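Remarks on the overall topology
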Protein chains: 2
Amino acid sequence: MKLAIYGYGNLGRGVECAAQQNSDTELIGVFTRRNPSDVKTLFNTPVYSADDILDFKGKIDVLIICGGSATDLPKMTPALACDFNVVDSFDTHAKIPQHFEFVDAAAYSNDTTALISCGWDPGMFSLNRLYASAILPDGKDYTFWGRGVSQGHSDAIRRIDGVIDARQYTVPVEETLKAVRKGETPELTTRQKHIRECYVVAAEGADKEEITRQIKTMPNYFADYDTTVTFISLEEMKRDHSEIPHGGVVIRTGKTGACGEHSNTIEYSLKLDSNPEFTASALVAFARAIYRMNERGIYGCKTVFDIAPADLSPLSGDELRATML
Amino acid sequence: MKLAIYGYGNLGRGVECAAQQNSDTELIGVFTRRNPSDVKTLFNTPVYSADDILDFKGKIDVLIICGGSATDLPKMTPALACDFNVVDSFDTHAKIPQHFEFVDAAAYSNDTTALISCGWDPGMFSLNRLYASAILPDGKDYTFWGRGVSQGHSDAIRRIDGVIDARQYTVPVEETLKAVRKGETPELTTRQKHIRECYVVAAEGADKEEITRQIKTMPNYFADYDTTVTFISLEEMKRDHSEIPHGGVVIRTGKTGACGEHSNTIEYSLKLDSNPEFTASALVAFARAIYRMNERGIYGCKTVFDIAPADLSPLSGDELRATML
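Residues numbered from 1 in each chain as written. Chains lettered and ligands numbered in written order. Predicted model: local features only at pLDDT ≥ 70, side-chain atom pairs only at ≥ 80, totals over all residues. Heavy atoms only, no water.

**Focus: the relation of the copies chain A and chain B**
Rotating chain A by 180 degrees and translating it 0.0 Å along the rotation axis places it on chain B, where the RMSD comes to 0.0 Å. Look at the turn and shift together and you get a two-fold axis relating the two. (Least-squares fit on C-alpha atoms with pLDDT ≥ 70 in both.)

Put into structure tokens, the structure is as follows:
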């Protein structure tokens, strides 16, 4: 399977690493909007200009698009799906139906196969919500995120006057998690589910009280949460907060039995040292499925819900049944 | 979707309950090898003789076969797959490839669709082993079962002279579980993974020391485990051990990054008040997929690995993308 990477940030580097771990993949190149000679890849993967991507039509089995969901992917994925099988990690949940529609139209009319919104949420967490709700229809599910770095919330703090750098961790509220794990099915407010921990480097002479006030009252991002703000030095930021861990849990509790007398709890959890590398690893596994589906003449836009799990594995059906079932 | 149940024990009753929770299913009947007039169903589902099953050809969309793996399913599933779409929970892992082959031949030649080895292990645990290993190829996975009742081990104790009743619980070794959850990847012996707790009702005057010795030294079942034996009264057995809980966890830890410097842990866990009712709930969800695949002209034997998750849900693709992705 010949893969290529479109966009070379944390996620693109993760895909480059993941491709090394899969012996059935070959990495054709990295496509960048920067000057290719300014981009140094981790494993000496060749770097090309994004402008030259069409020269590679027919030479790439699946193009993994590693752009941002806010402005990159809504344009890139439908455009590139006209000429390539593509996989993206579009994660703006509310806009998925629209993104799906545009990518589906592009892929269908060009006999390509596309997968959008792959990763862990959307992605593996979505799959677990679906499996659990299909098996236990009389139930309720919960998704908790963290402990992990939220890039969007970190960026929001960095835009405040007097802030040099910031890192925000999303943390599930421990007591709530315990209650849900025990099979309780409470109605929860935003505040009852997650805490937001902020680590901030302030400029010399900046008004820390004002920065704290601005963070804690920021609508959507922080106002509805219990938020802690801790000021640290630039050295502490580099030493203690340079990694991008994340994770979380999806829990569903459902009743079974003639009178719903039995309670059953399904929990899926992730503890990731590297959020982008895990997402990248999922993209590569699902790229395998997209390539196979395209070879079978299955075109259009797909999501993780449409992929038969066997297609993710390099093993044959016989091998899977003998070793994993 | 018109379902029927073939075999009416704990699992069959569980399917009858699960069918009530799914508004798109209609339960045509229960087929039994016993005298139908001796069988009383939970929801007044009609009971028919297994001998009359062929009278219902064309009237059942999916037949859920609720027999035992040791002797029932190897015969029943291939035979019934000649005339019906079928789902079973065949769980003798080592014999799955052979069972698959027989059922596949029967289903292919008769344009039916069959699913074998559905439930939680094999079933949801298998799916999680597959997903996790496809995403994190450079890793190691572990499956722990329990705390829960093992019917096979309970039966083995009941066959010992002087034993009136017995219940065996399989319990993961807590320290091992903790180590694996922390991302350690030890090589484990059988003894390091699970403990076997046995509760035994002995006949009056029976030699308890001899019963204990026979249990603890029983090859395959107990000899390789740390086993505890507790003698209890028949009343205690009825009061404290009448339920059939089970569960367990599948954990995979894998490395990502340019030098494998990041560790990522995926955990899937089940806590089930009722093992047969949860298995039955999975059978009904997967029956929905088998029915849809048959309608699309996809024939032959499938496993959970071959089922696109979207086919398990009564929701449409649009609804799934809008609400669960």
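**Description of the sheet that holds strand S8 (residues 148–149) of chain B**
All names here are of chain B. Across the sheet, four strands lie side by side as S8-S9-S10-S11; this open sheet has mixed pairing. If you trace the sheet from one side to the other, it starts and ends with S8 and strand S11 (226–231), each paired once. With nine bridges joining them, strand S9 (residues 163–172) and strand S10 (residues 194–202) adopt antiparallel strand pairing. Bridging across to S10, valine 171 finds its partner in isoleucine 195. Along the sheet, helix H8 (residues 208–216) makes contact with S9, S10 and S11, crossing S11 at roughly 150 degrees. (Pairing = 2+ DSSP bridges. Helix = DSSP H or I, 4+ residues; strand = E, 2+ residues; numbered from the N terminus. Contact = heavy atoms within 4.5 Å. Axes fitted to C-alpha atoms, helices over the stretch in contact; angles between N-to-C directions.)

**Some points on the pairing of strand S4 (residues 62–65) of chain A**
Residue and element names in this part refer to chain A. Neither face of S4 is open: one carries Val62 and Ile64, the other Leu63 and Ile65, and all of them are buried. Here strand S1 (residues 2–6) pairs with S4 via four bridges, running parallel. Counterpart to leucine 3 in the pairing with S4 is valine 62. As defined by bridge partners, S4 adjoins strand S5 (residues 86–87) across two bridges and the pair is classed as parallel. Within S5, the position partnered with leucine 63 by the bridge is valine 86. Tracing the backbone out of S4, into helix H2 (residues 73–80) and back to the parallel element S5 gives a crossover that is right-handed. (Buried < 20%, exposed > 50% of the residue type's maximum accessible area, 1.4 Å probe, protein only. Right-handed = clockwise from strand over helix to strand, strands pointing away.)

**Here's the deal with the interface of chain A and chain B**
Tallying the contact residues gives 66 residues for chain A and 67 residues for chain B. Between chain A and chain B, a total of about 5800 Å² is buried, with carbon and sulfur atoms accounting for 62% of that surface. For chain A, the biggest contributors to the area lost against chain B are Ile135(A), Arg321(A) and Leu325(A); these three give 14% of the whole. For the pair chain A and chain B, the number of links is zero salt bridges. Where chain A meets chain B, there are 31 residue pairs in polar contact (both at pLDDT 80 or more). Of all the secondary structure elements, the ones that give two or more residues to the side of chain A that touches chain B are helix H1 (10–21), helix H3 (96–109), helix H4 (124–135), strand S12 (246–256), strand S13 (262–272), helix H10 (275–295) and helix H11 (317–323) of chain A. When residues of the side of chain A that touches chain B are assigned to their parent elements, the largest contribution, eleven residues, is made by S13(A). Class assignment of the residues belonging to the side of chain A that touches chain B gives a composition of 35 nonpolar, 18 polar and 13 charged. Where S13(A) lies against strand S13 (residues 262–272) of chain B, nine bridges are found, and the strand directions are antiparallel. Among the inter-strand pairings, Tyr268(A) is bridged to a residue of S13(B), identified as Tyr268(B). (Buried area = accessible area lost by both parts, 1.4 Å probe. Salt bridge = Lys/Arg side-chain N within 4 Å of Asp/Glu carboxyl O. Polar contact = N/O pair within 3.5 Å; in protein donor to acceptor, adjacent residues only side chain to side chain. Nonpolar A, V, L, I, M, F, W, Y, C, P; charged D, E, K, R; others polar.)

**Observations regarding the packing of H1(A) against H10(A)**
Residues and elements named next belong to chain A. Two elements in contact, H1 and H10, have axes separated by 8 Å at closest approach and are oriented at 55 degrees. Classed by the angle they form, the pair H1 and H10 counts as oblique. For the pair H1 and H10, the sense of crossing is right-handed. Here Asn10, Leu11, Gly14, Val15, Ala18 and Ala19 of H1 lie close against H10, whose contacting residues are Pro276, Glu277, Thr279, Ala280, Ser281, Leu283 and Val284. (Parallel < 35°, antiparallel > 145°, perpendicular 65-115°, else oblique. Left-handed = near helix turned anticlockwise from the far one by under 90°.)

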